[in-house]
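# Overview (structure and organization)
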Amino acid sequence: MHMNAYPLCLVGLLLSLGTGAASAQSSFSSSAVPRTLLLRGSTLAASRARSGDADLKPAVSKLRRDAEKALSAPLLAVTDKSTLLPPSGNAHDYYSLSPYWWPDPAKADGLPYIRKDGETNPESKRDLDQPRIAAMSDRVETLVLGWWFTGDRRFAEQAARQLRTWFLDSTTRMTPHLRYAQLVRGNEKERGSGIIDSRGLTDVVDAIVLLGQSTVWSEADDRAIRQWFGEYARWLRESPNGKTEQRAANNHGSWYAAQVATFALFAGDTVEARATVAGIRDRIAAQIDSGGRQPEELTRTRSFHYSNFNLIALTRLAELGRLLDIDLWKYRAPSGGSLAAAIDRLAPFVDRQKEWPDPERDEVDADVLLDTFRKARAALGDAKYDAVIARMPADKIRSDRSVLIYAGARPSR
């Protein structure tokens, strides 16, 4: 692993944390606290040390089942496309269609497609790369966390194979750009909004860091994949697509920033990561009012979903801020907006979403909300979130992996 990939303040922090409990499994090459970016390494180490405790056992058992399922799934590659290729004709180039665009019934050929917010066209899920990158990201995270908490070497080996297939192997690797993401039929223009398709790669980055403590992930693997993410971060910053997405006032802009900051920091560019995270103060001020409302997300047909979705991106940036000495968790804009206010705005409705005062087509899953509120509890240290969590389904509270990720966390570093 590369100490020079992190700022001096983080290096000092990591050295001061000491080491976690060593695993008896031979697949672990180190017992050090992992230098994860979005997840708290000290918490992951502590949770692994007490994974046999009664309060964590249901989540570990569920995670093992999920990892076993991921283990039996086929490896995914961006080159799996068999019927649909991007405009470049290169199967290595990522290609997807925008999900909320449908054939125009007033046109014989349906072109150009028209937008129906919140209604997913099933065409966007057929032989295209968005379902693949989402499934790949989820499987890698599940396999690595499964290995981390159980020590089962099979999970680590499969995760390494999947990472090499998607990012490194010359016959299957994805080219590090999203020029052809979320295209719209009948409109040849490239769209920056498709960059949101790769948001799951922020989870993959932390999985790679964890996998670096295994015996199945080599230094050569690590150098090569950090280079891939560095190239992708550069494309995000410099391409017209990326510059368009950077200006997005809603969750798209937040997720763009979360990706740029995460990938830049992972690749060793702390200057870019710091500048991106520091700029989120302005985004908080623009996106969240003093009552915690997020006006840009409230215009959507799934406003509760998108209010939480935007917070997932912003709170990831706040976690990166901890590593860069930029406190976004407690930042309050001059107009009164803050992350805490936006989270508190959602709290009364986690178990009565039908009463949410703005449009919402679909109920938001409890496991997604659990992650938001457990993260807030860890970061802000406010016990009021315990009562919010307690209102969610009991089986989810016990078995969701978020209890492993945030168990025992404290608001201080």
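Residues numbered from 1 in each chain as written. Predicted model: local features only at pLDDT ≥ 70, side-chain atom pairs only at ≥ 80, totals over all residues. Heavy atoms only, no water.

## Digging into the overall build of the protein
What counts here: Helical segments are the DSSP runs of H or I of at least four residues, strand segments are the runs of E of at least two, and each set is numbered from the N terminus. The classification of residues rests on relative accessible area computed with a 1.4 Å probe and restricted to protein chains. Under 20% of the type maximum is buried, over 50% is exposed, and intermediate values are partly exposed. Here a residue-residue contact requires only that any non-hydrogen atoms of the pair lie within 4.5 Å. Here the open area of atoms and residues is found with the Shrake-Rupley method and a 1.4 Å probe, where only the protein chains shown may cover a residue. In this tally, Lys and Arg are treated as positive and Asp and Glu as negative; His is ignored, and so are the chain termini. Lys charges are placed at NZ, Arg charges at CZ, Asp charges at CG and Glu charges at CD.
Of the regular secondary structure elements, the protein holds 18 helices and four strands. Projected onto its principal axes, the C-alpha positions of the protein cover 65 × 50 × 40 Å. Classification of the 413 residues of the protein by burial places 57% in the buried group. In the protein, the share of contacts with a sequence separation of at least 24, taken over all contacts with a separation of at least 6, comes to 75%. Taken as a whole, the protein presents about 16,700 Å² of accessible surface, with 50% of it coming from carbon and sulfur. If the 57 positive side-chain charges of the protein are averaged to one point and the 52 negative ones to another, these points end up 2 Å apart.

## Topic: the side chain of threonine 172
Cut-off, in case you're wondering: Polar contact is the term for a pair of N or O atoms within 3.5 Å; when the atoms are in protein, one must be able to donate a hydrogen and the other to accept it, and sequence-neighboring residues count only if both atoms are side-chain atoms.
Relative to the helices and strands, threonine 172 is located in the loop between α5 (153-168) and β4 (180-183). Residue threonine 172 is classed as buried on the basis of its relative accessible area, which comes to 16%. Within the structure, threonine 172 has its side chain in polar contact with the backbone oxygen of threonine 165 (distance 2.6 Å). Leaving out residues up to four positions away in the same chain, threonine 172 has contacts with Ala77, Val78, Thr79, His92, Thr165 and Trp166.

## Thoughts on the pattern of salt bridges
Here is the rule we go by: Any Lys or Arg side-chain nitrogen located within 4 Å of an Asp or Glu carboxyl oxygen qualifies as a salt bridge.
For the structure on display, the rule yields 33 salt bridges. One salt bridge in this structure joins arginine 401 and glutamate 141, with 3.8 Å as the shortest N-O distance. Separated by 260 residues along the polypeptide, arginine 401 in the loop between α17 (394-399) and α18 (402-406) and glutamate 141 in helix α4 (residues 129-150) bring together distant segments of the chain. Looking at glutamate 141, the relative accessible area reads 16%, which means it is buried. Residues aspartate 362 and arginine 302 are paired through a salt bridge, measuring 3.5 Å at the closest nitrogen-oxygen approach. With a gap of 60 residues between them, aspartate 362 in the loop between α14 (339-346) and α15 (366-380) and arginine 302 in the loop between α12 (295-298) and α13 (303-323) connect regions that are remote in the sequence.

## Some thoughts on the side chain of aspartate 129
Here aspartate 129 shows up in helix α4. Here lysine 81 takes part through its side chain, which lies 2.7 Å from a polar atom of the side chain of aspartate 129.

## Looking at unusual backbone geometry
Omega for the bond connecting leucine 111 with proline 112 falls within 30 degrees of zero, at -10 degrees, which places this linkage in the cis form. You can see proline 112 is positioned in the loop between β2 (101-102) and β3 (114-115). Residues other than glycine seldom take positive phi values, yet aspartate 127 does so here, at roughly 50 degrees. Turning to its location among the elements, aspartate 127 is positioned in the loop between β3 and α4. By relative accessible area, aspartate 127 is classed as buried at 18%. One non-glycine residue, glutamine 182, lies in the positive phi region at around 50 degrees. Structurally, glutamine 182 is set in strand β4.

## Some details on the environment of alanine 376
Checked against the element boundaries, alanine 376 lands in helix α15. For the pair alanine 376 and leucine 85, spaced 291 residues apart in sequence, the C-alpha to C-alpha distance is 42 Å. Apart from residues no more than four positions distant in its own chain, alanine 376 is found in contact with Trp329, Ile343, Gly381 and Tyr385.

## Focus on the confidence of the model for the protein
The test is simple: Every residue gets a pLDDT, meaning the predictor's confidence in that residue, from 0 to 100.
Per-chain confidence: the protein averages 92 in pLDDT, with 91% of residues scoring 70 or above. Contacts of residues 409-413 to residues separated by more than four positions or lying in other chains number 14 contacts, the stretch itself having pLDDT below 50.

## Let's talk about the nonpolar core
Threshold: To form a nonpolar core, buried Ala, Val, Leu, Ile, Met, Phe, Trp, Tyr and Cys residues must be joined to one another through side-chain atoms within 4.5 Å.
Ranked by internal contacts, the top residues of the largest apolar core, which has 113 residues, are Phe167, Leu201, Phe229 and Phe373. Take this core: its biggest share by element is eleven residues, from α13. Among residues more than four places away in sequence, those in contact with phenylalanine 229 are Phe167, Leu201, Val204, Val205, Ile208, Phe263, Phe266 and Ala267. Membership of the second largest hydrophobic core comes to five residues, among which are Tyr95, Leu97, Leu128 and Leu183.

## Some thoughts on the packing of aromatic side chains
Worth spelling out the cut-off: Stacked, tilted and edge-to-face pairs are distinguished by plane angle, under 30 degrees for stacked and over 60 for edge-to-face with tilted covering the rest, among Phe, Tyr and Trp rings (Trp via its six-membered ring) whose centres lie within 6.5 Å. We count a charge as sitting over a ring when the NZ of a lysine or the CZ of an arginine lies within 6 Å of the ring centre and within 35 degrees of the ring normal.
On inspection of all chains with the given rule, the structure shows 14 aromatic pairs. Counting every residue linked through ring pairs, the aromatic cluster contains Phe167, Trp228, Phe229, Tyr232, Trp235, Phe263 and Phe266. The residue whose ring lies beneath arginine 48 is tryptophan 148, and the NZ or CZ to ring-centre distance is 3.7 Å. In this structure, lysine 116 is placed above the aromatic ring of tryptophan 102, and the distance from its NZ or CZ to the ring centre is 5.2 Å.

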